[in-house]
Amino acid sequence: MAGVQVADHHIEPAPRRFLDGMTGASAATKTIVPTTSPSDAYISIQGLSKTFAGRNGTVQALTDINLDIADGEFVSVIGPSGCGKSTLLMLLAGLEPKTGGSLAIGGRPVTTPDPELGVVFQQDVLLEWRSALENIVLQAEIRGLDKKAATQRAKELLAMVDLARFADAYPYELSGGMRQRVSICRALLHEPRLLLMDEPFGALDALTRDQLQIDLLRLWSRRKMTVLFITHSISEAVFLSDRIVVMSPRPGRIEKIITVDLPRPRRLAMRESEAFLKFNHEVTDVFRSLGVLRDDPEEAM
Amino acid sequence: MVDITAVEAATTASAPRRDVKVPYALITLAGLLLVWELAARIFGLPAYILPSPSAIFAQLAIDWRMLAPHTGITVFEVLAGFLLSVLIGVPIAIGITYSRAFDEAVYPLIVGSQTVPKVALAPLLLAWFGYGMMPKVLIVFLVAFFPIVINSVVGLRSAPPQMIHLAKSMGASAAQVFWRFRLPQALPSIFAGMKLAIVLAVIGAIVAEFVGADSGLGYIIMIAGANFQIARQFGAIIALTIVGMLLFWAMTYIERRSLPWHISVRALQK
């Protein structure tokens, strides 16, 4: 995809992306433009559905999901528990087979995990028998990459998330937030083009969560990478994303796609801005209209 | 935190916590021996019923040269049977974990066979294999096999689904998933099974020797008992106790060296 290839009638407004380390007008104006034809998008999801065979018949987890994601975009998927958002991630990761529709990453239909994929789960899933550094380098060992270069890069990543001193620490010596940072470094070691995150900060306390959101945005701005971020926190989705995909309860459908055109880099103070709160309200309103959120239990669904 | 509660439970069940202070335990032991010594002298118990500790140690000082080769034989039987149970038990556990058909065909039989008292098979094995090492090694194997299989299966099944998903997202092959993820994750549980098995293995060897043997510590205990050499019998029991302790400590040592990261080992080091 060429850098600035302006399309006449794009469906979505172009998500803006100001890169942290870049200066000058040329960098500031560099935006990634979603292409007009859906098949040209980096991730193309069309009519995707997933049913699980349960004990009491089949369960429809996802139905008719249509979504295109541009290269380098940060997209959050938000929805109530059981809306199938984690299932969507599993399908994208190639860890679960779809039951209908089509799903392609970089033009390649997804059947197995994409080679340019990094995944972060809600649990950090660090291997207890490996130090922080060894946990990160594991990614290179499994993929058969050069171990020396990988170790060097792992150290750089640890430094970027302020954990350089803990390279040789074992997971049991780290706090929950530190562990999740290590697991993010592990997902980024091989410089994946696509990062899938399944409620990565869901198990962390609020302050750690704020810090990790900032850390994540910093890592993302350093290099071109597409992020699909599953969450059930509205403000987290608004703070991080270029676009927010709001899903309805089971069977999971896309209820609304909201483009968040807040400037980048995003700052903590921005969360009190009127523009930020407007997006917060917009997402909240969708959930209210769906009956997922109700001020009053008697309020009509 | 990954879900390793099953492993932890298995570990704590079979690994006695060593937070007991050793010097105090030794003082208690010395006190008990003193009471025994005094009781034996004051009440003048005959040596063929209960010899005094001093008489037992005096006898042991004479007997130890004779006991040494017998101890060696018993230790050999224990180690041979134990190694056999590890070499066969762990692969069977792997088969049970990876193949549902194998699991359903074999696992219920292994669990069900536990209701058969293994030592009751000793006379049978003796009839089949004679008085040599073979039936003893087999009894040890049968006794040690079960805890190793059960604990290995628990351990190999303890890898959380997300860990396997992670491995697959990295493009790990089945072999990599096993060697890099499943097996290390299972090791604490496998060690718990082996520690339990090594203790049972000593019991198995002695009982097998009771039933029919011409050497080994179990044989000495039987013969000495028949000849009312109670002090010698105690000497053999002491040798046996030392063997059991050393084997257990050896297992614990290997475990500590292999799993410094595991919670059960960390608890010991505090």
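None of the values given here were measured: they were computed from a predicted structure.

Caption draft 1: Expanded view of the overall build of chain A. A tally of helices and strands in chain A yields eight helices and 10 strands. Per-residue burial for chain A yields a buried fraction of 42% across its 301 residues. Residue pairs in contact within chain A that sit at least 24 positions apart in sequence constitute 69% of those at least 6 positions apart.

Caption draft 2: Quick look at helix 7 (residues 161–169) of chain B. Listed as buried for helix 7 of chain B are M163, H165, L166, A167, K168 and S169 of chain B. Following helix 7 of chain B by one or two positions, G171 of chain B adopts a phi angle in the positive range, close to 80 degrees.

Caption draft 3: Structural detail: the environment of A205 of chain B. Residue and element names in this part refer to chain B. Its place among the elements puts A205 in helix 8 (residues 174–211). The buried category is assigned to A205, around which 32 C-beta atoms lie within 10 Å. For the pair A205 and G132, spaced 73 residues apart in the sequence, the C-alpha separation amounts to 12 Å. Apart from the residues within four sequence positions on either side, A205 is in contact with T74, E77, V78, G81, K136, V140 and G218.

Caption draft 4: Main features of the confidence of the model for chain A. Averaged over all residues, the pLDDT of chain A is 85; the fraction at 70 or higher stands at 85%. Note on residues 1–38 of chain A: pLDDT under 50 across the span, and 55 contacts to partners over four residues away in sequence or across chains.

Caption draft 5: Structural detail: the packing of helix 5 (residues 176–188) of chain A against helix 6 (residues 206–222) of chain A. Residues and elements named next belong to chain A. Contact geometry of helix 5 with helix 6 gives a least axis separation of 10 Å together with a crossing angle of 20 degrees. With respect to each other, helix 5 and helix 6 are oriented roughly parallel. In terms of crossing hand, the pair formed by helix 5 and helix 6 is right-handed. Between helix 5, through G176, G177, Q180, R181, I184 and L188, and helix 6, the contact on the second element is made entirely by T208, L212, D215, L216 and L219. Considered class by class, the residues forming the contact of helix 5 with helix 6 number five nonpolar, four polar and two charged.

Caption draft 6: Structural view of the interface of chain B and chain A. With 16 residues of chain B in contact, the opposing surface of chain A contributes 17 residues. At the level of elements, helix 7 and helix 8 of chain B are the ones that each hand at least two residues to the side of chain B that touches chain A. When residues of the side of chain B that touches chain A are assigned to their parent elements, the largest contribution, six residues, is made by helix 7 of chain B. Here the residues of the side of chain B that touches chain A sort into eight nonpolar, six polar and two charged.

Caption draft 7: Fine view of unusual backbone geometry. All names here are of chain A. Cis peptide bonds are those with omega within 30 degrees of zero, and the linkage from R264 to P265 qualifies with 0 degrees. Structurally, the position occupied by P265 is in the loop between strand 10 (254–259) and helix 8 (274–290). One non-glycine residue, D162, lies in positive phi territory at about 65 degrees. Assignment of secondary structure puts D162 in the loop between helix 4 (147–160) and helix 5. With 12 C-beta atoms packed within 10 Å, D162 lands in the exposed category.

Caption draft 8: Representation of the environment of L187 of chain B in the model. Residues and elements named next belong to chain B. The topology assignment puts L187 in helix 8. For the pair L187 and S258, spaced 71 residues apart in sequence, the C-alpha separation works out to 8.7 Å. With sequence-adjacent residues up to four places away left out, L187 is seen in contact with G155, S258 and L259.

Caption draft 9: Region of the structure containing the sheet that holds strand 2 (residues 57–69) of chain A. Residues and elements named next belong to chain A. In space, the four strands of this open sheet follow the order 2-1-4-5, with antiparallel pairing throughout. Lying at the two open borders of the sheet, with one neighbouring strand each, are strand 2 and strand 5 (108–109). As paired elements, strand 1 (residues 43–54) and strand 4 (residues 100–105) share five bridges and run antiparallel to each other. Bridged to S49 within strand 4 is G100. Contacts from helix 2 (residues 85–92) reach strand 1, strand 2 and strand 4, with the element oriented near 70 degrees to strand 2.

About the criteria used
- Residues numbered from 1 in each chain as written.
- Chains lettered and ligands numbered in written order.
- Predicted model: local features only at pLDDT ≥ 70, side-chain atom pairs only at ≥ 80, totals over all residues.
- Helix = DSSP H or I, 4+ residues; strand = E, 2+ residues; numbered from the N terminus.
- Buried ≥ 20, exposed ≤ 12 C-beta atoms within 10 Å, placed from the backbone.
- Contact = placed C-beta atoms within 7 Å.
- pLDDT = per-residue confidence, 0-100.
- Axes fitted to C-alpha atoms, helices over the stretch in contact; angles between N-to-C directions.
- Parallel < 35°, antiparallel > 145°, perpendicular 65-115°, else oblique.
- Left-handed = near helix turned anticlockwise from the far one by under 90°.
- Nonpolar A, V, L, I, M, F, W, Y, C, P; charged D, E, K, R; others polar.
- Pairing = 2+ DSSP bridges.

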